[in-house]
Amino acid sequence: MSQKPCYILGIESSCDETSAAILKNNIVLSNIIANQKVHKEYGGVVPELASREHQKNIIPVVEMALNKAKIKKNTLSAIAYTRGPGLLGSLLVGSSFAKSFSMGLKIPLIEVNHMQAHILCHFIGNELKPKFPFIGVTLSGGHTQIILVKNYFEMKIIGSTIDDAIGEAFDKCGKMLGLEYPSGPKIDELSKKGNPNCFKFPIPKVDGYNVSYSGFKTSVLNFLNKKNKKFINQNLHDLCASIQNTLIKIIIEKVKLSINDTKNNTIAIGGGVSANSSLRDELKKLSKKHKWNVFFPKLEYTTDNAAMIGIVGFLKYKNGKFSSINSKCEPKLKI
Ligand code: KG4
Ligand code: ZN
């Protein structure tokens, strides 16, 4: 006899995207994302504005997700939400909504770690999946981590940034070049017409599988301080390509090292920066050469989205891992 399907509503509100998704088991029926444009003029996320935007967006986004999935709220089996890490004010909007909705509907509540979700998005759908144990690499605006993933719920960070995250470095360098926030996608695009070896920036030496991006950022700033606007405009493509090349080299070196040491050659990449085309090309080249199995998420599951929260919700639902209504949001929640 076939089992009754499980319908999960996923809610993501950890930073500046308000998102709701509906999953039928491991299949995404809808994944609605409201991007907050208000931060562009400030060159970064303003926490207070982010919470206010979440407040405006959360109900319309959930309604759109239900409508697109063509299901009624009474069909839902459980609600999964991001408990952390993230901005407290932003997390509170999503978690308060999820708690109230689950109480109203009398269905279970499931808390999700945002960084685990960036890795477990690889379990959405019926395509080939990474086999446990594997190496997870999270590359986002707030995190840069190399993780040993033993199973769905057991993960251990073996390396991380000791200062800035890779996405933050993309965004800050973009700001120095006069690009809009978030500038990662713009640098990616402009780099396509540039020479990645035109300008040389130093690769920092950091212990183990840890990385550092702060020194690199300062070296770009010092370099640009000696140049004028005209130089930047005339060399924009080469500057972007050279900056991107170094940012990617820094993390790929450590991924290589972790693969060699752990003798585990299955790697799953996640987070906003995993959308980067040059990072993908480089890792594909290396995986061919060294026979690695590299998994990249579909582009819609790279930057923050609720489908990745929903898939963790589904995996936890199947394993009876529910949460209490008293569970508090954790801005610094660890993996
Ligand atoms: O995972 P994410 O959506 O949010 C956090 O959890 O932080 O990641 C956002 C980051 C931003 O820094 C953005 O510039 C970067 O991902 N990003 C990219 C690309 N697309 C998004 N960086 C480089 N290349 C891209 N194509
Ligand atoms: Zn994220």
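Structure: see above.
Note on numbering: residues in each chain are counted from 1, in written sequence order. Ligands are numbered from 1 and chains lettered from A, in the order in which they are written. Reporting in this predicted model follows two pLDDT cut-offs: at least 70 for local features of residues, and 80 or more for side-chain atom pairs to be given and counted; totals over whole chains, interfaces and linings ignore these cut-offs and use all residues. As a rule here, side-chain values come from all non-hydrogen atoms in the structure, and water together with hydrogens is ignored.

Draft legend 1. Highlighting the pattern of salt bridges. Salt bridge criterion: a side-chain nitrogen from Lys or Arg within 4 Å of a carboxyl oxygen from Asp or Glu. Considering all chains together, one arrives at nine salt bridges under this definition. The closest approach of N and O atoms between Lys56 and Glu53, which form a salt bridge, is 2.8 Å. Taken together, the residues span about one helical turn, with Lys56 and Glu53 both in helix α1 (residues 47-69) at a distance of three residues. When accessible area is computed with a 1.4 Å probe and restricted to protein chains, residues below 20% of their type maximum are described as buried, those above 50% as exposed, and intermediate ones as partly exposed. The class of Lys56 is exposed, set by a relative accessible area of 56%. Its relative accessible area of 14% is what places Glu53 among the buried residues. Of the charged contacts in the structure, one is a salt bridge between Glu189 and Lys186, with a shortest N-O distance of 3.9 Å. Note that Glu189 and Lys186 are positioned in helix α5 (residues 184-191) at a spacing of three residues, about one turn of the helix. Given the relative accessible area of 49%, Glu189 is considered partly exposed. Numbering of helices and strands runs from the N terminus, with a helix taken as a DSSP run of H or I at least four residues long and a strand as a DSSP run of E at least two residues long.

Draft legend 2. Quick peek at the side chain of Thr138. Relative to the elements of secondary structure, Thr138 occurs in strand β6 (residues 134-139). The definition of a polar contact used here is a pair of N or O atoms within 3.5 Å, where within protein one atom must be able to donate a hydrogen and the other to accept one, and adjacent residues in sequence count solely through side-chain atom pairs. Reaching out from Thr138, the side chain makes a polar contact with the side chain of Gln145 at a distance of 2.9 Å. We call two residues in contact whenever any of their non-hydrogen atoms come within 4.5 Å of each other. In this view, Thr138 contacts Met115, His118, Ile119, His143, Thr144, Gln145, Ile147 and Gly270; residues no more than four positions away in its chain are not counted.

Draft legend 3. Here's a closer look at the packing of aromatic side chains. Only the six-membered ring of Trp is used, alongside the rings of Phe and Tyr, when aromatic pairs are assigned; centres must lie within 6.5 Å, and planes under 30 degrees apart are stacked while those over 60 apart are edge-to-face, with the rest tilted. Following the criterion strictly, the structure yields 13 aromatic pairs and no others. Aromatic side chains Phe123 and Tyr152 sit 5.1 Å apart centroid to centroid with 85° between the ring planes, which places their arrangement in the edge-to-face category. Of this pair, Phe123 sits in the loop between α3 (114-120) and β6 while Tyr152 sits in the loop between β7 (144-149) and β8 (155-160), and the two are 29 residues apart along the sequence. Residue class for Phe123 comes out buried when judged on its relative accessible area of 6%. Aromatic side chains Phe201 and Phe223 sit 5.7 Å apart centroid to centroid with 90° between the ring planes, which places their arrangement in the edge-to-face category. Here Phe201 is found in the loop between α5 and α6 (214-225), whereas its partner Phe223 is found in helix α6, with 22 residues between them in sequence.

Draft legend 4. Region of interest: the environment of Phe97. Mapped onto the elements of the fold, Phe97 is located in helix α2 (residues 88-105). Taking the C-alpha atoms as reference points, Phe97 and Ile11, 86 residues apart in sequence, are found 8.8 Å from one another. Apart from residues no more than four positions distant in its own chain, Phe97 is found in contact with Ile11, Ile58, Ile59 and Val62.

Draft legend 5. How the structure looks around the sheet that holds strand β9 (residues 266-270). Here, any two strands with at least 2 DSSP bridges between them count as paired. Across the sheet, five strands lie side by side as β8-β7-β6-β9-β10; this open sheet has mixed pairing. The open sheet has two edge strands with one neighbour each: β8 and β10 (293-295). Recorded for the sheet is a direction-independent mean angle of 25° between the axes of neighbouring strands. Summarising the sheet, β7 and β8 pair through five bridges and their orientation is antiparallel. Opposite Leu148, over in β8, you have Lys156 as the bridge partner. To get an axis, a line is fitted to the C-alpha atoms, and for a helix only the part in contact is used. The angle between two axes follows their N-to-C directions and goes from 0 to 180 degrees.

Draft legend 6. Spotlight on the sheet that holds strand β3 (residues 27-35). Spatial ordering of the open sheet is given by β3-β2-β1-β4-β5, a layout of five strands whose pairing is mixed. Taken across any chain shown, the strands that pair with only one partner, and hence form the sheet edges, are β3 and β5 (109-113). Strand-to-strand, the axes of this sheet are offset by a mean angle of 20°, without reference to chain direction. In the packing of α2 onto the sheet, contacts are made with β1 (7-12), β4 (78-84) and β5, and the angle to β4 comes to roughly 155°. Contacting β1, β2 (17-24), β3, β4 and β5, helix α10 (residues 307-318) crosses the sheet at an angle of about 135° to β1.

Any functional reading would require information that these geometric values do not contain.
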